[in-house]
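# Tertiary structure, described
If you want the building blocks of each chain, they are given just below.
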Amino acid sequence: MKKLSTTLIYILSSLSLLCCCFAGLGILLALPSFLIANKKLKEAHEFPDEYDFDAVKAMKTAKTFALVALSINGLYFIYSIYSLATTDWDTFMNEFNSQMEKYQ
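Residues numbered from 1 in each chain as written. Predicted model: local features only at pLDDT ≥ 70, side-chain atom pairs only at ≥ 80, totals over all residues. Heavy atoms only, no water.

## Considerations on the packing of helix H1 (residues 7-19) against helix H3 (residues 53-86)
Filter applied, for reference: In this analysis, axes come from line fits to C-alpha atoms, helices being fitted only over the stretch in contact, and the angle between any two N-to-C directions falls in the range 0 to 180 degrees. Under the DSSP-based scheme used, a helix requires at least four consecutive residues in state H or I and a strand at least two consecutive residues in state E, with every element numbered from the N terminus. Each angle receives one of four descriptions, namely roughly parallel if under 35 degrees, roughly antiparallel if over 145, roughly perpendicular if within 65 to 115, and oblique otherwise. Here a crossing is taken to be left-handed if its near helix is turned anticlockwise relative to the far helix by less than a right angle, and right-handed if that turn runs clockwise. Contacts: residue pairs with any heavy atoms within 4.5 Å of one another. For this classification, Asp, Glu, Lys and Arg are treated as charged, while Ala, Val, Leu, Ile, Met, Phe, Trp, Tyr, Cys and Pro are nonpolar and the rest, including Gly, are polar.
In the contact formed by H1 and H3, the axes pass within 9 Å of each other and the chain directions differ by 20°. The angle between H1 and H3 falls in the class roughly parallel. Taken as a pair, H1 and H3 cross one another with a handedness that is left-handed. Seen from H1, the contacting residues are Ile9, Tyr10, Ser13, Ser14, Ser16, Leu17 and Cys19; seen from H3, they are Ala58, Met59, Thr61, Ala62, Phe65, Ala66, Ala69, Ile72 and Asn73. Residues belonging to the contact of H1 with H3 are distributed by class as follows: 11 nonpolar, 5 polar and no charged.

## Quick notes on the packing of aromatic side chains
What counts, and what does not: For Phe, Tyr and Trp, where Trp contributes only its six-membered ring, two rings pair if their centres lie within 6.5 Å, and the inter-plane angle classes them as stacked under 30 degrees, edge-to-face over 60, or tilted in between. The classification of residues rests on relative accessible area computed with a 1.4 Å probe and restricted to protein chains. Under 20% of the type maximum is buried, over 50% is exposed, and intermediate values are partly exposed.
Counted by the stated rule, this structure contains 3 aromatic pairs. Ring geometry for tryptophan 89 and phenylalanine 92: centres 5.1 Å apart, planes at 35°, overall tilted. Note that tryptophan 89 and phenylalanine 92 are positioned in helix H4 (residues 89-103) at a spacing of 3 residues, about one turn of the helix. Classification of tryptophan 89 as exposed rests on a relative accessible area of 51%.

Here you go:
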C-alpha cells in the first residue's frame, strides 16, 4: 500500500496564508499546492487498490485546505487590484508617504 504525503501541501498552503497579506501573492504558493493535491488524488482514484484509504482521506483534507487558502488569496488579490484601480494614484502615494514618515 502506498501512502500519500500531505506535508508539502500543508506547508505550501500555510505559507500562502501568511503571504496573502502581501496583495494576495500567496496565490503563487496556494495554486501549486492545490494542483499537487489534485494530481495525487487523481492517481489514487485511478489505482484505488495501491493506496491506503486513510492516506486518501488525509489528502482530501489537504486539498480542501489548499482550496481555502487559494480562495482567500484570490479574493484578497482581486480586492488589491480593485483598490489600486479605483484609488487616485496621488492619494495612494500621499498615504504611503505618510506611513513611511510615521515609521522613520
